[in-house]
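Residue-level listing of the chains:
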Amino acid sequence: MSEERIVCVYSDNTDSTEQHFHNTHELIYVKEGRIRIRIGKETYEAGARSLIFISRLEEHSVTVLDTPYRRWWMRITAEQLATAVDEPRLRAVFDRRPDDFCHVFDVSDTAVEIEHILQYIAAEDTAPRSFKRHRIAALLQLLLIACYRIKREQFPLPAHRVSETVLQIQSYLDAHFSEEILLETLARDFFLSPSYLSHAFRDWTGYSPKQYLVLCRLSFARELLLTTEQSVAQIAAQCGFGDVNNFIRTFRKQVGCTPAVYRRNAEQQLYES
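**Notes on the packing of helix α8 (residues 209–227) against helix α10 (residues 244–255)**
Step number 1: Their axes nearest at 11 Å, the elements α8 and α10 cross at an angle of 95 degrees. With respect to each other, α8 and α10 are oriented roughly perpendicular. Residues Val214, Leu215, Leu218, Ala221, Arg222 and Leu225 of α8 pack against Phe247, Thr250, Phe251, Gln254 and Val255 of α10.
Step number 2: Looking at the contact of α8 with α10 residue by residue, the classes come out as eight nonpolar, two polar and one charged.

Quick look at the structure:
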């Protein structure tokens, strides 16, 4: 369900991309050029020395406005992020989505440092070196710290201290979304009341536990639709939907089409590209 390594790549491909998603968090650093990027319902223009944070639950598209368009991009699973970065204030740019969240950071004041860090991560990613995973984790933390120091106001932190239990529940849902999970059972297992759990979880993530669970399931479902030949019924079962019709209804409501149409459209785009 997760990649073995954090991926970091430099690219100068100037092709625009249709609305798509990855079942991973994504970070894009624009070194040169200008793009229009749509993330969920929000649209931004981002130029050189912009850093863009995309949650694994968010679809996005990119239109290249000015070339050359050169950038680094990283993809990080939820499990990798939790393992590499133990400070929730630094993970917040991926984990939290309050209504006023801004995905694009202007990092001109620390661009040289960030570019060096990304170069180091990319070099580690492509070479067989001892303690590679540990060094990449350390470099990722350095990058997030650099952003936090100059753009603290853009880190979506709640007004009060986040309960460690809420963070544990988010990690639990990330790892166990394919299982049958009830709010009442989840609250009992973590010694919370259902009402407190719902309020505290939404305050941190921007989603209710039920919404977050459904989005995790749909994110994995889209990955399976694009990367496997499993039937819609098989994917529904593997993602935690007990009923295939419920899966199709939920998928259509969230994505805008049925799973079969989503797969067919993706295959058609691949054929035409």
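From this point, the discussion proceeds with the structure in view.
**Describing the packing of helix α3 (residues 111–126) against helix α4 (residues 132–150)**
Step number 1: Where α3 contacts α4, the two axes come as close as 10 Å, and the packing angle between them is 165 degrees. Regarding the angle of α3 to α4, the classification is roughly antiparallel. Regarding α3 and α4, the two cross each other, and that crossing is left-handed. Here Glu113, Ile114, Ile117, Leu118, Tyr120, Ile121, Glu124 and Asp125 of α3 come into contact with α4, specifically with Lys132, Arg135, Ile136, Leu139, Leu140, Leu142, Leu143, Ala146 and Cys147.
Step number 2: Partitioned by chemical class, the residues of the contact of α3 with α4 number 12 nonpolar, no polar and five charged.

**So, the packing of aromatic side chains**
Step number 1: The final tally for this structure, using the stated rule, is 13 aromatic pairs.
Step number 2: Judged by centre distance (5.7 Å) and plane angle (70 degrees), the rings of phenylalanine 177 and phenylalanine 220 are edge-to-face. Residue phenylalanine 177 is located in the loop between α5 (164–176) and α6 (183–189), and its partner phenylalanine 220 is located in helix α8; the two are separated by 43 residues in the primary sequence.
Step number 3: When the ring of phenylalanine 251 is compared with that of tyrosine 262, the centres are 5.5 Å apart and the planes differ by 75 degrees; the resulting orientation is edge-to-face. Taken together, the residues phenylalanine 251 in helix α10 and tyrosine 262 in helix α11 (residues 259–272) connect sequence positions 11 residues apart.

**Observations regarding the side chain of asparagine 23**
Step number 1: Relative to the elements of secondary structure, asparagine 23 occurs in the loop between β2 (17–20) and β3 (25–39).
Step number 2: At 3.3 Å, the side chain of asparagine 23 and the side chain of arginine 56 are in polar contact.
Step number 3: Polar side-chain contacts of asparagine 23 include one of 2.8 Å to the side chain of glutamate 223.

**Digging into the state of the cysteines**
Step number 1: Under the counting rule described, the total for this entry stands at zero disulfides.
Step number 2: Cysteine cysteine 8 is unpaired, with the sulfur of cysteine 147 as its nearest cysteine sulfur at 13 Å.
Step number 3: Looking at cysteine 8, the relative accessible area reads 2%, which means it is buried.
Step number 4: As a non-bridged cysteine, cysteine 257 has cysteine 239 as the owner of its nearest cysteine sulfur, 15 Å distant.
Step number 5: Judged by its relative accessible area of 17%, cysteine 257 is buried.

**Comments concerning the pairing of β3**
Step number 1: By the bridge criterion, 13 bridges tie β3 to strand β6 (residues 60–76) in an arrangement that is antiparallel. By the bridge assignment, isoleucine 35 is partnered in β6 with valine 64.
Step number 2: Here five bridges tie β3 to strand β5 (residues 50–54), and the two strands are oriented antiparallel to one another. Paired with leucine 27 across the two strands is phenylalanine 53, which belongs to β5.
Step number 3: Taking the residues that link successive antiparallel strands as the turn, the β3-strand β4 (residues 42–46) hairpin has two residues, and the phi of glycine 40 there is positive, at about 60 degrees.

About the cut-offs
- Note on numbering: residues in each chain are counted from 1, in written sequence order.
- For a predicted model such as this one, the threshold for reporting local features is a pLDDT of at least 70, and the threshold for listing and counting side-chain atom pairs is 80 or more; totals across whole chains, interfaces and linings nevertheless cover every residue.
- Calculated side-chain values reflect all of the structure's heavy atoms, with hydrogen atoms and water omitted.
- Lines fitted to the C-alpha atoms define the axes, with helices restricted to the stretch that makes contact. Angles between their N-to-C directions range from 0 to 180 degrees.
- Secondary structure follows DSSP: runs of H or I at least 4 residues long count as helices, runs of E at least 2 residues long count as strands, and numbering of each begins at the N terminus.
- Roughly parallel refers to an angle under 35 degrees, roughly antiparallel to one over 145, roughly perpendicular to one between 65 and 115, and oblique to any angle outside these ranges.
- The criterion used for residue contact is that any of the two residues' heavy atoms lie within 4.5 Å.
- Three classes are used: nonpolar for Ala, Val, Leu, Ile, Met, Phe, Trp, Tyr, Cys and Pro, charged for Asp, Glu, Lys and Arg, and polar for all others, with Gly counted as polar.
- The hand of a helix crossing depends on one turn: near helix anticlockwise from the far one by less than a right angle means left-handed, and clockwise means right-handed.
- Centres within 6.5 Å make a pair out of two Phe, Tyr or Trp rings, where for Trp the six-membered ring is used; the pair is then stacked when the planes are under 30 degrees apart, edge-to-face when over 60, and tilted otherwise.
- Any pair of N or O atoms that falls within 3.5 Å is considered a polar contact. Within protein, one atom must be able to donate a hydrogen and the other to accept it, and sequence-neighbouring residues count only if both atoms are side-chain atoms.
- Any cysteine sulfur atom paired with another within 2.5 Å is treated as part of a disulfide.
- Buried residues are those whose accessible area, probed at 1.4 Å on protein chains only, stays under 20% of the maximum for their type, while exposed residues exceed 50% and partly exposed ones sit between those limits.
- Any two strands with at least two DSSP bridges between them are considered paired.

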